[in-house]
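This is what each chain is made of:
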Amino acid sequence: MMFSARQAPFTISAAIAMALQPILLTLSKGPQGFFEYSVGSATLFCEILKLVFSAAGLCVLLVRQPELKGSVLSARPWREFGQFFVPSVIYFVNNNLVFVILQALDPSTFQLVSQTKTIFTGLLFRFMLKRRLTIFQWTALFFLGCGTACSQIPEAKAEDAHHLTQLSSQTAETGHVGGLGDLRFPAMVGVLITLFTAVLSSLAGVYNELLLKGRVTAPLHWQNMQMYIHGVWLNFAFMMMYDGAVIRSSGVFHGYTWVTWAAILCNASVGITVSAVLKYCDNIARVYAHSIAMLVVMLVSVPLFGLALTAQLIIALLLVTASTLQYNIPMEYDSKFDQIEQVAPKTV
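Only a predicted model underlies this, so the values are computations on that prediction, with no experimental measurement involved.

### Examining the overall build of the chain
- Scanning the chain for helices and strands turns up 15 helices and 0 strands.
- The buried share of the chain, reckoned over its 348 residues, is 46%.
- For the chain, the share of sequence-separated contacts (at least 6 apart) that also reach a separation of at least 24 residues comes to 87%.

### Points about helix 6 (residues 117–127)
- Listed in full, the buried residues belonging to helix 6 are T118, T121, G122 and F125. Viewed end-on, helix 6 has its buried residues packed into an arc of 100°, placing them on one side of the element.

### A word on the pattern of salt bridges
- A complete count under the given rule lists 3 salt bridges for this structure.
- The residue K50 makes a salt bridge to E47 at a minimum N-O spacing of 3.0 Å. One end of the pair, K50, and the other, E47, are both in helix 2 (residues 39–64), 3 residues apart, so they sit about a helical turn from each other.
- The partner of E80 in a salt bridge is R215, with the nearest N and O atoms 2.8 Å apart. Placement of E80 in helix 3 (residues 77–83) and of R215 in the loop between helix 9 (187–214) and helix 10 (220–242) is noted, with a sequence separation of 135 residues between them.

### Side note on the side chain of Q223
- Mapped onto the fold, Q223 is located in helix 10.
- The buried category is assigned to Q223, whose relative accessible area is 0%.
- In this structure Q223 touches F84, L211, L212, R215, A218 and K279, once residues within four positions along its chain are discounted.

### Here we look at a nonpolar patch on the surface
- On the surface, L27, V296, V300 and L304 cluster together into a nonpolar patch covering about 300 Å² of accessible area.
- Among the elements that make up the nonpolar patch, the one with the highest residue count is helix 13 (residues 283–305) (3 residues).
- On the basis of relative accessible area, L304 is assigned to the partly exposed category, the value being 45%.

### Quick notes on the nonpolar core
- Counting 22 residues, the largest nonpolar core has M18, F84, L212, V270, V274, V277 and A289 as its most contacted members.
- Going through the elements one at a time, helix 1 (8–27), helix 9, helix 10, helix 12 (258–280) and helix 13 are the ones with two or more residues in this core.
- The element contributing the most residues to this core is helix 12, with 6 residues.
- The residues touching F84, leaving out its near neighbours within four places in the chain, are N208, L211, L212, Q223, Q226, M227 and H230.
- Of all hydrophobic cores here, the second largest spans 16 residues; its members include L129, L133, L141 and V320.

### Re the packing of helix 2 against helix 12
- Contact geometry of helix 2 with helix 12 gives a least axis separation of 9 Å together with a crossing angle of 55°. Put simply, helix 2 runs oblique to helix 12. Two packed elements cross with a definite hand, and for helix 2 against helix 12 that hand is right-handed. Note on element contacts: helix 12 touches helix 2 through W261, I264, L265, N267, A268, G271 and I272, opposite A42, F45, C46, L49, K50 and F53.

### Some details on the state of the cysteines
- Inspection of every chain in the model, using the stated rule, returns 0 disulfides.
- Among the cysteines around C46, which has no disulfide bond, C266 carries the closest sulfur, lying 9.1 Å off.

### Details of helix 1
- Helix length check: helix 1 (20 residues) gives 29 Å between terminal C-alpha atoms against 28 Å at 1.5 Å per residue, within 8%.
- Here helix 1 has its buried residues at A8, T11, A14, A15, A17, M18, A19, I23 and L24.

### Re the environment of M18
- Summarising the element assignment, M18 is placed in helix 1.
- Overall, the relative accessible area of 10% leaves M18 in the buried class.

### Overview of the packing of helix 1 against helix 12
- One can describe the packing of helix 1 onto helix 12 by two numbers: an axis separation of 8 Å at closest approach and a directional angle of 155°. When the axis of helix 1 is compared with that of helix 12, the two are roughly antiparallel. For the pair helix 1 and helix 12, the crossing hand works out as left-handed. In this structure, helix 1 contributes F10, T11, S13, A14, A17, M18, L20, Q21, L24, L25 and L27 to the contact, and helix 12 contributes V259, A262, A263, C266, N267, S269, V270, T273, V274, A276, V277 and Y280.
- Looking at the contact of helix 1 with helix 12, its residues break down into 17 nonpolar, 6 polar and no charged.

Quick notes on the rules
- Residues numbered from 1 in each chain as written.
- Predicted model: local features only at pLDDT ≥ 70, side-chain atom pairs only at ≥ 80, totals over all residues.
- Heavy atoms only, no water.
- Helix = DSSP H or I, 4+ residues; strand = E, 2+ residues; numbered from the N terminus.
- Buried < 20%, exposed > 50% of the residue type's maximum accessible area, 1.4 Å probe, protein only.
- Contact = heavy atoms within 4.5 Å.
- Arc of directions from axis to C-beta.
- Salt bridge = Lys/Arg side-chain N within 4 Å of Asp/Glu carboxyl O.
- Patch = residues over 30% accessible without salt bridge, like charges linked within 9 Å, V, L, I, M, F, W, Y side chains within 5 Å.
- Areas by Shrake-Rupley, 256 points an atom, 1.4 Å probe, with all protein chains shown as cover.
- Core = buried A, V, L, I, M, F, W, Y, C linked by side-chain atoms within 4.5 Å.
- Axes fitted to C-alpha atoms, helices over the stretch in contact; angles between N-to-C directions.
- Parallel < 35°, antiparallel > 145°, perpendicular 65-115°, else oblique.
- Left-handed = near helix turned anticlockwise from the far one by under 90°.
- Disulfide = S-S within 2.5 Å.
- Expected span 1.5 Å × (residues − 1).
- Nonpolar A, V, L, I, M, F, W, Y, C, P; charged D, E, K, R; others polar.

Put into structure tokens, the structure is as follows:
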């Protein structure tokens, strides 16, 4: 069950952080709708912040519970450290492929196709983690994918193409993707790459859960630290490769505002809370947290950014709500549902 009393705080915290993330990123843009700061440096600072937070959390934990010192390192620490490189590099590749995809697809189509990660996560969850899902839970995942996809169905508007043009200009201006702004792909290629990123995202999540739960006694902060160390050097190399010229000419903090730092803090919170969900819940809870957060963002965007409340969004909310309830229904409840109580005949 995903929302037990013990697991609910992790899932809810992840959903809140995921919901705040795109709102803060949107507010961090400049008046022209571009990111006026180096996106590469912001991503790097996010990884550094997660690493510092995890290190501080580990120190506090060991001071309070010194008996846990023996459970920090595994029998083969360098092997474990190398294993955490796998999810780190998958997340790194997946995040940067998004910029390539948006050269071929409009944002709505991208979001629509991305919802296939729900099914991929369920399949990997079954075959990699050997976790069995009931027929009710598989159906719930199907409805979850339909609900989140439904929220992205509105007809393409001219503004979407304009947004795509802005994004291409923005990446070229910041140097975040460098020459990728000149790449052009047919829409079908964009769809195929999106499916590939959905598989990557699902694989990284399931593999990371496998590592986090592989040593149950290991502190979560220590496990996170190993992954974040890889994230720091990967993002530093990427930042210097594509944002190096901008940083050398304008400085690493050029364009930063308090909203930028709030977005970085929120991004770090997403990474940490998702790790907690994977450690103490599972990947299915992560998928639900992401879908719920996406719909919350769309609802908040109605008054905040002046977006229209569409019929598609209302249907999506109903489907996701029903899916969440169905996934969490205990098996024994089904045998008791809608049963006619047998009344003994009265004796005269």
